[in-house]
Structure formats: structure tokens, C-alpha cells
Amino acid sequence: MNTVAAIIQSRMRSTRTPGKALRPLAGIPMTEHIIKRLQQVTEFDRIVLAVPDSPSEEPLVRLAQDTGIDLVQGPEDDVLQRFILAGDRTGADHILRVCGDNPLIDLNLARSLIRRHLETNADYTHPEGMIPEGTATELVKLSVLKGIAETTSLNVYREHVITYIHAHRKSFKIEKVPAPEYLLNRNYRLTLDTEQDFLLMEKIYDHFYSTLHPILDLAQILPFLDTHPEYARLNADVIQKNWRNKIP
């Protein structure tokens, strides 16, 4: 089977910026922007919001209900198990992992990943080339995630869903997909983890968002940042957390 689910991993209790999942951009909660963006990709059979099973997540539960997408709740720190629950409950064979910090994932890249992944029957498919932080997604077989869950209980592999594959690349069939040219070698930070990140993203949404054009186009945003380096500098000094430093 080739059922594909886009699974958004999110939570209210962010360590750096608590509550950011519902922080507004152009008056709309960040996670709602992600959902509306994913709804443009017809290759998905289901869209799932995967959140911790904690009372603090009730605002995200309501958001999933209001937007008509699936909701799965599971262990807060065992994100791997949360993804497996989401895959099982929606009947997915393949999962596109979407980070809840990224309202500007590239839709063309997501479509290319799905096509290559299904055509090659890969275990895991990810983008190739240096692209802006926060624009990438990745695709993995649910059966592979289940195998990882049976293999290891180490926190680094349970908290970060794909780390085990990267640490044991020779054990999996991995495909790489070239990123669209407009993304390549654009060293911008378009993820939301700190106040500086929100300052930049708010500038972007203020400039590009409208009710007539609610889905922002990275092919327009990136040239805009090229010509407005003062905006890009707003979060240029933020250091991205690197899960690879935790691998034993």
C-alpha cells in the first residue's frame, strides 16, 4: 500500500518559546498556517497533528478539530512512539515528518519527495543540497519506524524521530531528492525557535500574506530576503540545536 500521511509534530511547552505553536502570524496561529499549507498538497491521504497527551495541549486539540484534520496524542518525549500511533490510527504506510516549528516548508519539495519515495520504494527519503533551515521535510516508511522502536530505547532515538536512520545509514534504503533551484544555497533561517526567529517571520508575513494569497511562496520570499539583508540579520546569530551531538 502507498497511503501517505503528513504528520505535524507539535506541542505547547516549547523549551525556548513556550506557546509558540499558537503564536499568531498575520493574525493566524502558526500551526494553522502549517495545516493550511499542507492542505495544498493533494498527494497526502491524511494530515495529522501529533501532540503530547497532556492537558496543556488542549488548545492544539481544539485547533485540529476546528481545521478538520486528524489528531493523535501520545508520549511527550517519545516522539517516535507518537508518530507510530499516528501512522497506525490513520492507516498510513508512509509518513511525511513535518516539524511544528516550520510554517514555510516548501510544497514543491514535499511533492518531489513523495514521488521519489514511492517510485523507489525507499525506507527514507530526504532533500539534497543546502537549503534554508525550516523549508525541508522528509519521508519514511511506518514499518521502518516500528523497527527502530523495537531496536532501541535510547532517548536520542525516541525524541528525534529520524536520528537512528542517520546514525545507521547503511542499514536502510535511502533516497535523496534535489531541492528546487530557488532553495539552493540560500542560507536563511526560516524556522521558529526564538524571539529573533519570530521577528523575521513576522516581517515576511507582514509583507507577503493576504487573505487572497494566504499560502506564501518561497520562490518570492527568498529573492526578497536577498534584497533585504537587514531582515535576514534579525536571526542570523541564532544557533540551531543539533541532534547529531547527542548520538552516542
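Residues numbered from 1 in each chain as written. Predicted model: local features only at pLDDT ≥ 70, side-chain atom pairs only at ≥ 80, totals over all residues. Heavy atoms only, no water.

Some thoughts on empty space enclosed by the protein
Vacant regions in the atomic arrangement are exposed by a probe of water-molecule size rolled over the atoms. Heads up, the rule is: Cavities and pockets are found on a 1 Å grid laid over the protein atoms alone: a cavity is a set of points where a 1.4 Å probe fits but cannot escape, a pocket is an open set with protein on both sides within 12 Å along at least five of seven lines, and a lining residue has an atom within 4 Å of such a point. Grid points are joined across faces, edges and corners, and a volume is the space filled by probe spheres set on the points. A run of DSSP states H or I qualifies as a helix once it reaches four residues; a run of E qualifies as a strand once it reaches two. Both are numbered from the N-terminal end.
On inspection of all chains with the given rule, the structure shows one cavity of 30 Å³ or more. Size it by volume and the largest cavity reaches roughly 30 Å³. Contributing to the lining of the largest cavity are H33, K36, R37, P103, Y205, P214, I215 and L216. Per-element accounting of the lining of the largest cavity gives the leading share, three residues, to helix α1 (residues 30-38).

Observations regarding unusual backbone geometry
This is how it is decided: Between buried and exposed lies partly exposed: a residue is buried under 20% and exposed over 50% of the maximum accessible area for its type, with that area taken using a 1.4 Å probe on protein chains only.
For N121, which is not glycine, the phi torsion reads 55° and is therefore positive. We classify N121 as partly exposed; its relative accessible area is 46%. Unlike most non-glycine residues, N185 shows phi in positive territory, near 60°. Looking at where N185 falls in the secondary structure, it is placed in the loop between β9 (174-178) and α8 (195-208).

Comments concerning the environment of I165
Cut-off, in case you're wondering: The contact criterion used is simple: two residues touch if any of their non-hydrogen atoms lie within 4.5 Å.
Summarising the element assignment, I165 is placed in helix α7 (residues 163-167). On a C-alpha basis, the gap between I165 and F208 in space is 37 Å, while along the polypeptide they are 43 residues apart. Beyond its immediate sequence surroundings of up to four residues, I165 is in contact with Y124, V140, V144, I148, F172 and I174.

Spatial relationships are all this shows, so hold off on functional conclusions.
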